[in-house]
Amino acid sequence: MKELKKPELLCPAGNLEKALLAFHFGADAVYIGGTVFGLRKYADNFSLPEIKTLIKHARQLNKAVYVVLNAFAHNDDIQPIIDYLKELDALKPDAVIVSDLGVATLVTNYTSIPLHVSTQASVSNAWGSLFWKNHGAKRVILAREVSVEDCKTIFKDSDIELEIFIHGAMCASYSGKCVISNYSAGRDSNRGGCVQSCRHKYNLSDPKTDEKLGSEHIMNAKDLMGIDQLPSMIKAGIASLKIEGRMKSNLYVANAASVYRQAIDYCYSCMKDNTLIEQEKLNSFKDQLSWISNRSFSSGGLDHRPFRDSINYEFTHYQKKVDYVGCVRDKIGNSIFSETKINLNVGETLLCISPNNAPFSFKLESLHNSLNEQVDKINPNSIFRFDNQKIDQHSVLAKLINN
Ligand code: SF4
């Protein structure tokens, strides 16, 4: 039996700030998009100098950076991709994530960057993994429709690093291969332009009687949450657990990284020491994940092929228990300097999500604006100061809704 290995925690980073937040909150690695070919046209994305800066930070922290290059290429894309790859090669990221066979060939021919095969390549069996292994891939990110049980066999039979998604928004299509957005809005989902047509309302009626059938939200996938499956993922030898969300907020990145860091460490140490993994503890992780906006959760394809219970027929909006306030920018003595994106008033209760401590709530006893004047309220998009001994730098603040 292979030795139990702690899987890597891989977090999304839409920009440099989010990448550093993910590292502070426990990510072992981040995946980022460059300004081209990264399937998230509307995320901030990284220029080449920004990628260089991030890689420098990552090296200092002993963390990894993977660059996503997973759009499907057309013939006219080839020369720009070659030019881009040559520049990327000089920066030495830890991997590029690719789905297109042609782009994968360019990566192996023109660079020495390790190749990770994107989930968009829909690898769902050991033969697919072996194919990619024989064509130079270091890691395969399996299709989202592959169960943890199947991962176990795929790893045993192909012996290549495997990565799977553990958390985040899901697509109603097979491994993200979908053209509804192209047809309904003229935006290509396979080149980063998806308008999320699956979240829209649709009328389903009997053509003979015009009778309305079922729900209006027929393709609205719930978000994935894999806390309960974490012990089997570790047992299956999966090398990397990935959180979706390069377009999500600082709060989402910090909270998801923090929860999964704790959950992976907890489950791994219980399994190593042969002690009981307490369901109550797993439930507390799930509860913290549900604070941040979500479309309700399912285990997607982790236990079995996704089916009815992976779709949210009730609503398409997000539900959440907290609003994002901002990131702590500095701490001098007990004085905390933070940004706020929303209105704040003296006496309100905030929540602190910290990279070093369990989350805790506290009351804003007094407030100072950026001119250091004592005030009763702070307007959105400003810097404010308050005193708190417990809060540390890099913490993220949120406001409990309806407190
Ligand atoms: S429209 Fe929905 S199912 Fe299709 S690619 Fe976009 S998010 Fe996925």
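Our subject is the structure listed above.
My aim in this report is to walk through the structure given alongside it, one point at a time. Since we're looking at a predicted model, the values are computed, not measured.

## A short note on the overall build of the chain
Move 1: Scanning the chain from N- to C-terminus turns up 10 helices and 20 strands.
Move 2: In terms of overall dimensions, the chain is globule-like: its C-alpha atoms have a radius of gyration of 22 Å, near the 22 Å expected for 403 residues.
Move 3: The C-alpha extent of the chain, read off along each of the three principal axes, is 65 × 65 × 50 Å.
Move 4: Every one of the 403 residues in the chain was classed for burial, and the buried ones make up 53%.

## Some thoughts on the layout of surface pockets
Move 1: One number sums up the size of the second largest pocket: a volume of about 440 Å³.
Move 2: Counting only elements with at least two residues in the lining of the second largest pocket, the list comes to α6 (148–158) and α8 (230–235).
Move 3: Element by element, the count of residues in the lining of the second largest pocket is highest for α6, at four residues.
Move 4: Across the lining of the second largest pocket, the residue classes tally to eight nonpolar, two polar and eight charged.

## Quick word on the site of the ligand
Move 1: Lining the immediate surroundings of the ligand are C171, A172, S173, C178, S189, C194, Q196, S197 and C198.
Move 2: In terms of residue class, the shell around the ligand is made up of five nonpolar, four polar and no charged.

## With respect to helix α1 (residues 16–24)
Move 1: Taken residue by residue, α1 has K18, A19, L21, A22 and F23 as its buried positions.
Move 2: Residue N15 occupies the N-cap position of α1, its side-chain oxygen lying 3.2 Å from the main-chain nitrogen of E17.
Move 3: Positive phi shows up at G26, right after α1, with a value of about 110°.

## What about helix α4 (residues 101–110)?
Move 1: Those residues of α4 that fall on the buried side of the exposure criterion are V103, A104, L106 and V107. The buried side chains of α4 occupy one side of the element, clustering within an arc of 160° when seen end-on.
Move 2: Structurally, α4 contributes buried residues whose contacts are with α3 (78–91), β4 (95–98), β5 (115–117) and α5 (126–134).
Move 3: Near the N-terminus of α4, the side chain that reaches the backbone nitrogen of G102, with its oxygen 2.7 Å away, is that of D100.

## Quick look at the packing of aromatic side chains
Move 1: Summed over all chains, the structure comprises five aromatic pairs.
Move 2: Relative to W132, the ring of F131 has its centre 5.7 Å away and its plane inclined at 90°; by these criteria the two rings are edge-to-face.
Move 3: Among the aromatic residues, those joined into a cluster by ring pairs are F360, F362, F384 and F386.
Move 4: The ring of F165 is capped by R144, whose NZ or CZ atom sits 3.9 Å from the centre of that ring.

## Notes on the pattern of salt bridges
Move 1: Tallied over the entire structure, the rule returns 23 salt bridges.
Move 2: A salt bridge links K242 to E163, with the shortest nitrogen-to-oxygen separation between them at 3.0 Å. Placement of the pair is K242 in strand β9 (residues 240–243) and E163 in strand β7 (residues 161–168), with a sequence separation of 79 residues. Residue K242 shares its accessibility class with E163, and that shared class is buried.
Move 3: The partner of R261 in a salt bridge is D265, with the nearest N and O atoms 2.9 Å apart. With R261 and D265 both in helix α9 (residues 250–273) and four residues apart, this pair spans about one turn of that helix.
Move 4: A relative accessible area of 14% places R261 in the buried class.
Move 5: Bridged by salt links that share partners, the residues E8, K138, R139, E161, E163 and K242 form one connected network.

## Topic: the packing of α1 against α9
Move 1: Interaxial distance between α1 and α9 falls to 9 Å at its minimum, and their mutual angle equals 20°. By the angle class used here, α1 and α9 are roughly parallel. For the pair α1 and α9, the crossing hand works out as right-handed. In contact with E17, K18, L21 and A22 of α1, α9 contributes N250, V253 and A257.
Move 2: Residue classes in the contact of α1 with α9 are distributed as four nonpolar, one polar and two charged.

Rules used in this analysis
Residues numbered from 1 in each chain as written. Predicted model: local features only at pLDDT ≥ 70, side-chain atom pairs only at ≥ 80, totals over all residues. Heavy atoms only, no water. Helix = DSSP H or I, 4+ residues; strand = E, 2+ residues; numbered from the N terminus. Rg over C-alpha atoms; globule rule 2.2 N^0.38 Å. Buried < 20%, exposed > 50% of the residue type's maximum accessible area, 1.4 Å probe, protein only. 1 Å grid on protein atoms, 1.4 Å probe; cavity = no way out; pocket = protein on both sides within 12 Å on 5 of 7 lines; lining within 4 Å. Points joined across faces, edges and corners; volume = space filled by probe spheres on them. Nonpolar A, V, L, I, M, F, W, Y, C, P; charged D, E, K, R; others polar. Near = heavy atom within 4 Å. Polar contact = N/O pair within 3.5 Å; in protein donor to acceptor, adjacent residues only side chain to side chain. Arc of directions from axis to C-beta. Contact = heavy atoms within 4.5 Å. Phe/Tyr/Trp six-rings, centres within 6.5 Å; stacked < 30°, edge-to-face > 60°. Lys NZ or Arg CZ within 6 Å of the ring centre and 35° of its normal. Salt bridge = Lys/Arg side-chain N within 4 Å of Asp/Glu carboxyl O. Axes fitted to C-alpha atoms, helices over the stretch in contact; angles between N-to-C directions. Parallel < 35°, antiparallel > 145°, perpendicular 65-115°, else oblique. Left-handed = near helix turned anticlockwise from the far one by under 90°.

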